[in-house]
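The primary structure of each chain is shown beneath.
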Amino acid sequence: MAQAYGENLKQAMDTLRTHKMRSGLTVFGVVLGVSVIMLVAALITGFDETIQDNIKQFGADTAFISKWDQGFHGGNIPLEERQRKPLTLEDSQALIAGCPALKNVTTFLQTGWMQVHTVRTKAGEVSAIDFRGVQANFGQVYANAATLSGRFISEGDDLHREKVVMLGENVAPVLFPGTDAVGKDVMIDGTDFRVIGVVEKPKGGFGMGDEDRRVLIPFNTFKKTYPSADEINMRVQAYAGMLDQAVDQAEEVLRRRRNVPYNGKDNFSIRTAAQEVAEFHNIMLMVYVATLVLSAIGLLIGGVGVMNIMLVSVTERTREIGVRKAIGAKRGDITWQFLLEAMTLTASGGVIALVLVNGLVLLIRLTLRWRGAVPLWAATAGVIVSVSVGLIFGVWPAMKAAKLDPVEALRYE
């Protein structure tokens, strides 16, 4: 039996080599459908690793608190959300006092997102900066705010509203090319500040958009310089293993302070890293579903093409089938010959797709510093699906060939 299958497979390969152009055009749909599956799986794997690493860099056992609902927003922000009162410094103090599971709370202040800020020196300028007024414990709660050089903002800087600033790792060399930024002056929106340190760029990110444009000044200095700024947000840090309890306690304190009625909707949001990762996975699930639909269309086109070509092949080889039957070939032999030919045809499409996608992924990794790769399950699934297309769409031509009458087949011209 194994020998018979080997002979059938050899004949199938000979047929493919004989009709290279026809075989190539036939498997195009299969290559397209399988490539979409593998490429999207590789991209999503890379995105997933990057997103999770970036989220974890905000700090272990931390949660973000804002007056705005977090996550994906479809359309305009609801009126109720826009009318919510801002969080306050007193809210953060109440959280520390009323939440035993909380280890630390840091508060930072920003202007509205529509207000663009610029930092400049005589040597350079950076606009669209991530500009914040932060407290001295910002670097303790945020794991991605390590000091690269100089020092971090102190409680004394904040208390006395000192005009000092910390620059992001990508901002400093633009303003002070070839020299150390610490101790020098910069101008932010027309106001002079003294640079006291440089913040290390967070690890992770990919492509050209992972620049660290952070510019940090003391919280009270920001409040004095921009008196209308009221976008106060917080990041809380729980004791190890107590994040869920800390979130529950923080929610209870804020509901009470912000006069949220019993069974009423929170007029603030608390979001943990685990929730952000879960939302990302939900979005990626929808992408997967859309990908499956697109790849199914490509595979259907490829499958119909394979079936048509195999029917043509049966017609062209009618006399051959008659000869084989005349010398003792059974229906099963003829059926397997054409099924193996169809599966070999589509399997070659799967292998071509695997090679092409891996080459494309390698190119993306080298050019965008991205660490995605085709997952083993996607590569395996792609090849299995390509073989299955040949099996499914090759049944009818194979059965048609097997049912041919040997006498009539030998008379075919």
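Residues numbered from 1 in each chain as written. Predicted model: local features only at pLDDT ≥ 70, side-chain atom pairs only at ≥ 80, totals over all residues. Heavy atoms only, no water.

> I'm lost on the overall build of the chain in this one. Help?
The secondary structure content of the chain amounts to 16 helices and 12 strands. Taken across its 413 residues, the chain has 46% of its residues classed as buried. Here the contacts in the chain between residues at least 6 apart in sequence split such that 79% fall between residues at least 24 apart. For the chain, the computed accessible surface area is about 21300 Å², with 62% contributed by carbon and sulfur atoms. (Helix = DSSP H or I, 4+ residues; strand = E, 2+ residues; numbered from the N terminus. Buried < 20%, exposed > 50% of the residue type's maximum accessible area, 1.4 Å probe, protein only. Contact = heavy atoms within 4.5 Å. Areas by Shrake-Rupley, 256 points an atom, 1.4 Å probe, with all protein chains shown as cover.)

> Got a minute to help me understand the nonpolar core in this structure?
Residues Leu95, Val119, Val165, Leu167, Val186, Ile188 and Val215 are the most contacted members of the largest nonpolar core, which totals 45 residues. Per-element accounting of this core gives the leading share, six residues, to helix 10 (residues 243-257). Look past the residues within four positions of Val165 in its chain and what remains in contact with it is Val186, Ile188, Phe193, Arg194, Val195, Ile196, Gly197, Val215, Leu216 and Ile217. Of all hydrophobic cores here, the second largest spans 35 residues; its members include Ile334, Val357, Val361 and Ile364. (Core = buried A, V, L, I, M, F, W, Y, C linked by side-chain atoms within 4.5 Å.)

> Is there a simple way to think about the pattern of salt bridges in this case?
Between side chains of opposite charge, a pair can form as their charged atoms come close. The tally for this structure, following the rule as stated, stands at 11 salt bridges. Here Lys265 makes a salt bridge to Asp69, at a shortest N to O gap of 3.2 Å. Of the two residues, Lys265 sits in the loop between helix 10 and strand 12 (269-272) while Asp69 sits in the loop between strand 1 (62-66) and helix 4 (79-82), which places them 196 residues apart along the sequence. The partner of Asp185 in a salt bridge is Arg194, with the nearest N and O atoms 2.5 Å apart. Under the relative-accessibility criterion, Arg194 is labelled partly exposed at 40%. (Salt bridge = Lys/Arg side-chain N within 4 Å of Asp/Glu carboxyl O.)

> Where do I start with a nonpolar patch on the surface in this structure?
Taken together, the side chains of Leu285, Val289, Val293, Leu294, Ile297 and Ile301 present a nonpolar region at the surface, about 580 Å² in accessible area. Mapping Val293 onto the fold places it in helix 11 (residues 273-316). When its relative accessible area of 46% is taken as the criterion, Val293 is described as partly exposed. (Patch = residues over 30% accessible without salt bridge, like charges linked within 9 Å, V, L, I, M, F, W, Y side chains within 5 Å.)

> Before we go on, may I ask you to explain the side chain of Thr344 in this structure?
With respect to the helices and strands, Thr344 occurs in helix 13 (residues 331-368). Under the relative-accessibility criterion, Thr344 is labelled buried at 13%. A polar atom in the side chain of Thr344 sits 2.6 Å from the backbone oxygen of Leu340. (Polar contact = N/O pair within 3.5 Å; in protein donor to acceptor, adjacent residues only side chain to side chain.)

> Just checking my understanding: could you explain the pairing of strand 1 for this structure?
Extensive coverage of strand 1 is indicated by the burial of five of its five residues. Neither face of strand 1 is exposed, since Thr62, Phe64 and Ser66 on one face and Ala63 and Ile65 on the opposite face are all buried. In this structure, strand 1 lies alongside strand 11 (residues 231-238), joined through four bridges in antiparallel fashion. Within the sheet, the bridge partner assigned to Phe64 lies in strand 11 and is Arg235. In the sheet, strand 1 pairs with strand 12 via four bridges, with the strands oriented antiparallel. Within strand 12, the position partnered with Ile65 by the bridge is Ile270. (Pairing = 2+ DSSP bridges.)

> Looking at this structure, how should I read unusual backbone geometry?
Trans peptide bonds make up the majority, and among non-glycine residues the majority have a negative phi. With phi around 55°, Ala128 is a residue other than glycine that occupies positive phi space. Along the chain, the position of Ala128 falls in the loop between strand 4 (125-127) and strand 5 (130-134). The backbone of Arg161 shows a phi angle near 55°, a positive value even though the residue is not glycine.

> Hey, could you run me through the packing of helix 5 (residues 89-98) against helix 10 in this one?
Between two packed helices, both the angle of their axes relative to each other and the distance between the axes serve to describe the pair. With their axes 10 Å apart at the nearest point, helix 5 and helix 10 run at an angle of 135° to one another. On the basis of the axis angle, helix 5 is oblique to helix 10. Considering how the two elements wind past one another, helix 5 and helix 10 form a crossing that is right-handed. Residues Glu90, Asp91, Ala94, Leu95 and Gly98 of helix 5 form the contact with helix 10, whose own contacting residues are Ala250, Val253, Leu254 and Arg257. Here the contact of helix 5 with helix 10 is built from residues that sort into five nonpolar, one polar and three charged. (Axes fitted to C-alpha atoms, helices over the stretch in contact; angles between N-to-C directions. Parallel < 35°, antiparallel > 145°, perpendicular 65-115°, else oblique. Left-handed = near helix turned anticlockwise from the far one by under 90°. Nonpolar A, V, L, I, M, F, W, Y, C, P; charged D, E, K, R; others polar.)

> What am I meant to see in a positive patch on the surface here?
A grouping of Arg161, Lys163, Lys223 and Lys224 is seen on the molecular surface, where their side chains present a positively charged patch. Position of Arg161 among the secondary structure elements: in the loop between helix 7 (155-159) and strand 7 (164-168). (Lys, Arg positive; Asp, Glu negative; His and termini not counted. Charge placed at Lys NZ, Arg CZ, Asp CG, Glu CD.)

> For this particular structure, what's the right way to read the side chain of Thr335?
Here Thr335 lies in helix 13. Note on Thr335: relative accessible area 19%, which makes it buried. With residues up to four places along the chain from it excluded, the contact list for Thr335 reads Ala398 and Ala402.

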